[in-house]
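# Examining the three-dimensional arrangement
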Amino acid sequence: MNLGLVLTGGGARAAYQVGVLKAIAEITQAKESPFQVISGVSAGAINAAYLMSRADQFQIAAQGLWDLWTGLHSERVYRSDPASIASLGSKWLQTVGMGGLLNRKRANHLLSTEPLRELLEQELSLDRIQGFIKNQTLRGVAFSATNYLTGTAITFFDGDESIKPWVRSTRLGVKTTVTVDHVMASSAIPVFFPPARIEGALYGDGCIRLTSPVSPAIHLGADRILCIGIRYFRTQEQTIELNQNLKRDDLSIAEIGGVLLNAVFLDSLETDIERLERINRTLSLMTDEQKSKLPSPLKTIPVMALRPSQDLGQLAQGTLKEFPALIRFLLKGVGAKEDKGWDLVSYLAFEKAYTQQLAELGYNDTLRKKESILEFLYGDPSRVHAELAR
């Protein structure tokens, strides 16, 4: 049996996943990674990469991720010094204000992520993955990114020789030796972080176009899949009440940006899980003979989704004061305040005042699901429905 782990994400909100993983490490007491297939996208690719490079030490890996995220500062992710901000700001003024009259390289991002690359090169040992694949600790690993030149979702994967590249209308699976470049590409938040260059093409955050985030794990051979999302589940009643009660006359750029980033990062996993569950239900109603007549082979793949019990965006309220002074000034300029614009702020809040809250929430949410998680990972998954952490 090949257990699959799917880690999506959205900037700093991926800190929730490390709390979940720490709790899973305590619950399972697994020495090696219990997941033979690991797929990461967006900031989830960072967490996935860390686990992949320490697949033989799952307890240490889970604790290491916890320590990394709960002690994080934004200066370790993007540059916030006046010289860097001024340089990028000047380039934006030339790009927008001069109408392209100056034949120079145009601005395409707001923040420099050189510190993030340095951090990943320090913390990751991706060269170990080949050994884990050879000794079958891992079957397959994957990072997904968006090709800005074609709009295609590209999943860069490595794994067992039996795993073949795949092609769909809007996505490709490309076999390669995964590197820090692929992690940087997958986690490059559009507009805020610079595109990453891989073999001459420019890539951005994998969540932009990957409408089927569970798909890579299936292609890599996962028999059952655990997904860790960052979207708080609202009931129908909560959704109706929210849309009836919120009224205002003004709207800031920060609030618009927050809605756009939510659309990129929060919706695809939910839709994909629903699709997979419908397929599972349909297959459960078919006989073996009927299944054999399907145009392409299908099998039931149990899936479990762990989600936050609270809105991660709302938890970002009050964290603006933790940002570096210059970033705080710029965010206030686009309308981010302590009481609004927090959705946008949450994606950039790589500060321990926020990430520690998320990690602790993920840890406690998961411990409450202990029996269901053990049943899913090691028991009969047909007895466990996709979990909603409420």
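Now for a description of the structure that goes with this document. Values in this document were obtained by computation on a predicted structure and should not be read as measured data. (Residues numbered from 1 in each chain as written. Predicted model: local features only at pLDDT ≥ 70, side-chain atom pairs only at ≥ 80, totals over all residues. Heavy atoms only, no water.)

### Some points on the overall build of the chain
The secondary structure content of the chain amounts to 16 helices and nine strands. In terms of C-alpha radius of gyration, the chain reaches 21 Å, essentially the compact-globule figure of 21 Å for 390 residues. Expressed along its principal axes, the backbone C-alpha trace of the chain runs to roughly 65 × 50 × 40 Å. Relative to its full complement of 390 residues, the chain shows a buried share of 54%. Here the analysis covers contacts within the chain between residues at least 6 apart in sequence; of these, 76% occur between residues at least 24 apart. (Helix = DSSP H or I, 4+ residues; strand = E, 2+ residues; numbered from the N terminus. Rg over C-alpha atoms; globule rule 2.2 N^0.38 Å. Buried < 20%, exposed > 50% of the residue type's maximum accessible area, 1.4 Å probe, protein only. Contact = heavy atoms within 4.5 Å.)

### Examining the pairing of strand 7 (residues 201–205)
Across the five residues that make up strand 7, a large majority, four, are buried. Bridge count between strand 3 (residues 140–147) and strand 7: three bridges; the pairing is antiparallel. Residue pairing for strand 7: threonine 146 is matched across the bridge by glycine 204. In the sheet, strand 6 (residues 196–198) pairs with strand 7 via three bridges, with the strands oriented antiparallel. Within strand 7, the position partnered with alanine 196 by the bridge is tyrosine 203. Adjacent in sequence and paired antiparallel, strand 6 and strand 7 are bridged by two residues, among which glutamate 199 carries a positive phi angle near 50°. (Pairing = 2+ DSSP bridges.)

### Concerning the nonpolar core
In this structure, Phe35, Leu51, Tyr78, Val183, Phe193, Phe323 and Leu331 are the most contacted members of the largest nonpolar core, which totals 101 residues. Counting residues per element, this core draws most heavily on helix 1 (residues 15–28), at nine residues. Ignoring anything within four residues of it in the chain, the contact list for leucine 331 reads Leu320, Phe323, Ala336, Leu344, Val345 and Leu348. (Core = buried A, V, L, I, M, F, W, Y, C linked by side-chain atoms within 4.5 Å.)

### Side note on helix 10 (residues 253–265)
Working note: α-helix, 3.6 residues per turn, so residues spaced by three or four point in the same direction. With 13 residues, helix 10 extends 18 Å between its outermost C-alpha atoms, agreeing within 8% with the 18 Å of an ideal straight helix rising 1.5 Å per residue. Close packing links the buried residues of helix 10 with strand 7 and helix 14 (342–348). (Expected span 1.5 Å × (residues − 1).)

### Details of the side chain of glutamine 36
Among the structural elements, glutamine 36 can be located in the loop between helix 1 and strand 2 (37–41). Residue classification places glutamine 36 among the buried positions, given a relative accessible area of 17%. A polar contact is formed between the side chain of glutamine 36 and the backbone nitrogen of leucine 3, at a distance of 2.8 Å. Polar side-chain contacts of glutamine 36 include one of 3.1 Å to the backbone oxygen of proline 34. Excluding its chain neighbours within four sequence positions, the residues that come into contact with glutamine 36 are Met1, Asn2, Leu3, Thr137, Leu138, Arg139 and Gly140. (Polar contact = N/O pair within 3.5 Å; in protein donor to acceptor, adjacent residues only side chain to side chain.)

### A closer look at the layout of surface pockets
The computed volume of the second largest pocket comes to approximately 600 Å³. As for the second largest pocket, its lining consists of 21 residues, of which Leu110, Phe192, Leu331, Val334 and Leu344 are closest to the centre. Residue assignment for the lining of the second largest pocket shows that the elements contributing at least two residues are helix 4 (82–97), helix 10, helix 13 (325–333) and helix 14. For the lining of the second largest pocket, the element with the highest residue contribution is helix 10, accounting for five residues. Across the lining of the second largest pocket, the residue classes break down as 18 nonpolar, three polar and no charged. (1 Å grid on protein atoms, 1.4 Å probe; cavity = no way out; pocket = protein on both sides within 12 Å on 5 of 7 lines; lining within 4 Å. Points joined across faces, edges and corners; volume = space filled by probe spheres on them. Nonpolar A, V, L, I, M, F, W, Y, C, P; charged D, E, K, R; others polar.)

### Some thoughts on the side chain of arginine 13
In this structure, arginine 13 sits in the loop between strand 1 (3–7) and helix 1. Of the residues examined, arginine 13 reaches a relative accessible area of 1% and is grouped as buried. Looking at arginine 13, its side chain comes within polar contact range of the side chain of serine 346, at 2.9 Å.

### Observations concerning the packing of helix 1 against helix 3 (residues 58–70)
At their nearest, the axes of helix 1 and helix 3 sit 9 Å apart, and the two run at 150° to each other. Between helix 1 and helix 3, the crossing angle belongs to the class labelled roughly antiparallel. Handedness of the helix 1/helix 3 crossing: left-handed. For the pair helix 1 and helix 3, contact is made by Ala15, Val18, Gly19, Leu21, Lys22, Ile24, Ala25, Glu26 and Thr28 and by Phe58, Gln59, Ala62, Gln63, Leu65, Trp66 and Trp69, respectively. (Axes fitted to C-alpha atoms, helices over the stretch in contact; angles between N-to-C directions. Parallel < 35°, antiparallel > 145°, perpendicular 65-115°, else oblique. Left-handed = near helix turned anticlockwise from the far one by under 90°.)

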